[in-house]
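# Results of the structural survey
Next come the chains, spelled out residue by residue.
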Amino acid sequence: MTDSPIEQLDLLDTDYADILTSSSYPALELQLVRLGIDPAEARTTTNFLTLVRQRSDTPASWEALAEAWEAGCGFEPNLEHLQLILELLWNHPQRRVEND
């Protein structure tokens, strides 16, 4: 068995370990870093996208989504933004795309 070469991500070992242990979606965050996104921005983006994909059912989860939105987009979401998320992402059955 041959080991794959170590990928150079220009991250400290502690930063890499932090992504693996603390990220809401480590694979996405690492991919963003591989693409050249600043690690702090990759964390913000990953957190936002993860929360948007999850259905918010409690006031605490809506608050977390609003905070992630503000961090990711630079402005506080209004009621219309949240209603669009509710309608577009959460109120429709997930569609599967099948390859022929």
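The model shown is predicted, which means the values in this text are computed figures rather than measured ones.

## Some details on the pattern of salt bridges
Per the counting criterion, the structure on display carries three salt bridges. Between Arg 43 and Asp 18 there is a salt bridge whose closest N-O contact spans 2.9 Å. Here the residue Arg 43 occupies a position in helix H3 (residues 39–53), and Asp 18 occupies one in helix H1 (residues 13–22), the gap between them amounting to 25 residues. Here Arg 43 falls in the partly exposed class, since its relative accessible area comes to 26%. Residue Asp 18 is classed as partly exposed on the basis of its relative accessible area, which comes to 33%. Between Glu 29 and Arg 43 there is a salt bridge, and its shortest N-O distance comes to 2.9 Å. One end of the pair, Glu 29, is in helix H2 (residues 26–34); the other, Arg 43, is in helix H3, and 14 residues separate them in sequence.

## Comments concerning the packing of aromatic side chains
All chains considered together, the criterion is met by two aromatic pairs. Both rings, one in Phe 48 and one in Trp 69, keep their centres 5.8 Å apart while their planes meet at 85°; by these two values the pair is edge-to-face. Remark: Trp 69 occurs in helix H4 (residues 59–73) and Phe 48 occurs in helix H3; sequence separation between them is 21 residues. As far as burial versus exposure is concerned, Phe 48 and Trp 69 are alike and both buried. One aromatic cluster in this structure is built from Phe 48, Trp 69 and Phe 75.

Scoring rules and cut-offs
- Residues numbered from 1 in each chain as written.
- Predicted model: local features only at pLDDT ≥ 70, side-chain atom pairs only at ≥ 80, totals over all residues.
- Heavy atoms only, no water.
- Salt bridge = Lys/Arg side-chain N within 4 Å of Asp/Glu carboxyl O.
- Helix = DSSP H or I, 4+ residues; strand = E, 2+ residues; numbered from the N terminus.
- Buried < 20%, exposed > 50% of the residue type's maximum accessible area, 1.4 Å probe, protein only.
- Phe/Tyr/Trp six-rings, centres within 6.5 Å; stacked < 30°, edge-to-face > 60°.

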